[in-house]
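Observations on chain architecture
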Amino acid sequence: MKKVILTGDRPTGRLHLGHYVGSLRNRVIIQNEGDYDRMFVFIADVQALTDNAANPEKVRQNVLEVALDYLSVGLDPEKVTIFIQSQVPQLHEMTQFFSNLVTVARLQRNPTVKTEIKMRGFGEEGEQQVFGSGVPVGFFTYPISQAADIAAFKSTIVPVGEDQEPMIEQTREIVRSFNSTYGEVLVEPQILLPGNLVCRRLPGTDGKAKMSKSLGNCIYLSDTPEELKKKVMSMFTDPGHLKVEDPGKVEGNTVFTYMDAFATDEDLARFWPEYKTLEEVKEHYRRGGLGDVKCKKFLLAVLEDRLAPIRDRRHAYEKDIPRVYEILREGSAAAREVAAQTLREMKDAMKINYFDDQDLILEQSRKYQ
Ligand code: TRP
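Now for a quick tour of the structure. None of the values given here were measured: they were computed from a predicted structure.

Some thoughts on the packing of aromatic side chains
Taken as a whole, this structure holds 11 aromatic pairs when the rule is applied. Ring centres of Phe40 and Phe83 lie 6.3 Å apart, and the angle between their planes is 85 degrees; on these two criteria the pair is classed as edge-to-face. Of this pair, Phe40 sits in strand β2 (residues 38-43) while Phe83 sits in strand β3 (residues 81-84), and the two are 43 residues apart along the sequence. A single burial state applies to Phe40 and to Phe83, both of which are buried. When the centroid spacing of 5.2 Å and the interplanar angle of 45 degrees are considered together, the rings of Phe83 and Phe153 count as tilted. One end of the pair, Phe83, is in strand β3; the other, Phe153, is in the loop between α9 (142-151) and β4 (157-159), with 70 residues separating them in the sequence. This pair shows no difference in class: Phe83 is buried, exactly as Phe153 is. One aromatic cluster is present, built from ring pairs that chain together Phe40, Phe42, Phe83 and Phe153. Above the face of the Phe262 ring, Arg25 is positioned so that its terminal group lies 5.6 Å from the ring centre.

Next up, the structure:
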């Protein structure tokens, strides 16, 4: 079976370190290893519109921001097809057919949809109102459209963050249902999560559970060195670690969580040679006598080392925006071809290929002779 990698992001803001450790970094590694038949990365503007219907300009602006983020982390349009969801209309036809295979009850059980509906406050608090009349139908059914995004390319591997697990599960169900109802056309995808557990959900700089634009606790890939420094130096640590001599807690200490997500022993050798391993740093911190500022300075050096090349690449692409759009245009055309082929196979299996079906025409002609 072919190995097809696919993943995407909603263009509702610039991408941040949570996206980076949760998925982007993995994508570039996979791309460079080259062990796949085809790789797609796309900008899910249609999905972004499901809860931004009144704000298309925000989505429109962020399509470019996300494209720049993709290119700046090192996704290479020569190796990866980068496209915009709305430019592949076949996805929406597929969504319609898939909708008939999914019940309202099943959508209501999707944990991601549940949490998101609560977060966005479409309805009042409480289970009764969660799926009440305030939720846009398009938002409620977006897992179905996400299944189409994945199935259209016969994707086998979907590298995403942990929060997307229920979406992949639901996609697998839809694929199974389609195949058993109409015939084996589609492929069941597997999720690919980051191996390093701290990378699955990176906390915000304020120590809150998740880095998220709405919480204002993000470090963006496009932050300037000054912004980065400010954010790192004011990061949440251990509130009980008041004096340098005090013993400190490493668990729940954002600076250490980020070190776990980013820093390697080579980084220590380069930027903080007093320690050989992160474990040594942690021991010293726990024991007392290691100040937060020193830890933050090390973290800053590591993050700056990772972000500097990303920033430079971004600046180069920012100077040639028409080229970025050209990359997206070409990628979208290539994606359309693949999706159109899958859609043809689906319609054949569903027998809604009237004009290609000579048997049907013959059979019905006979019936009326
Ligand atoms: N739901 C994903 C997110 O919020 C974006 C997305 C849409 C996606 N379609 C997808 C991710 C298909 C992977 C595969 O980030």
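A look at the layout of surface pockets
One way to see where empty space is left: roll a probe the size of a water molecule over the atoms. Counted as a void, the largest pocket has a volume near 1,400 Å³. Along the wall of the largest pocket there are 50 residues; nearest its centre are His19, Glu116, Asp163, Gln164 and Lys210. If you list the elements that add at least two residues to the lining of the largest pocket, you get β1 (4-9), α1 (17-33), α6 (111-120), α9 and α10 (165-182). Among the elements that take part in the lining of the largest pocket, α6 stands out by supplying 6 residues, more than any other.

What to know about the nonpolar core
Within soluble globular proteins, side chains that are nonpolar generally end up buried alongside one another. Counting 62 residues, the largest nonpolar core has Leu17, Ile219 and Met259 as its most contacted members. Sorting elements by how many residues they give to this core places helix α15 (residues 292-318) first, with 9 residues. No fewer than three residues from each of domain 1 (4-102 + 141-201 + 320-362) and domain 2 (223-316) sit in this core. If we skip the residues at most four places from it in the chain, Leu17 touches Leu202, Met211, Ile219, Leu221, Tyr258, Phe262, Leu303 and Leu307. Phe97, Ala147, Val160 and Val185 belong to the second-largest nonpolar core, a separate cluster that totals 40 residues.

Thresholds, definitions, all that
Residues numbered from 1 in each chain as written. Predicted model: local features only at pLDDT ≥ 70, side-chain atom pairs only at ≥ 80, totals over all residues. Heavy atoms only, no water. Phe/Tyr/Trp six-rings, centres within 6.5 Å; stacked < 30°, edge-to-face > 60°. Helix = DSSP H or I, 4+ residues; strand = E, 2+ residues; numbered from the N terminus. Buried < 20%, exposed > 50% of the residue type's maximum accessible area, 1.4 Å probe, protein only. Lys NZ or Arg CZ within 6 Å of the ring centre and 35° of its normal. 1 Å grid on protein atoms, 1.4 Å probe; cavity = no way out; pocket = protein on both sides within 12 Å on 5 of 7 lines; lining within 4 Å. Points joined across faces, edges and corners; volume = space filled by probe spheres on them. Core = buried A, V, L, I, M, F, W, Y, C linked by side-chain atoms within 4.5 Å. Domains from an automatic or database assignment. Contact = heavy atoms within 4.5 Å.

Function cannot be read off these values alone, since they describe shape.
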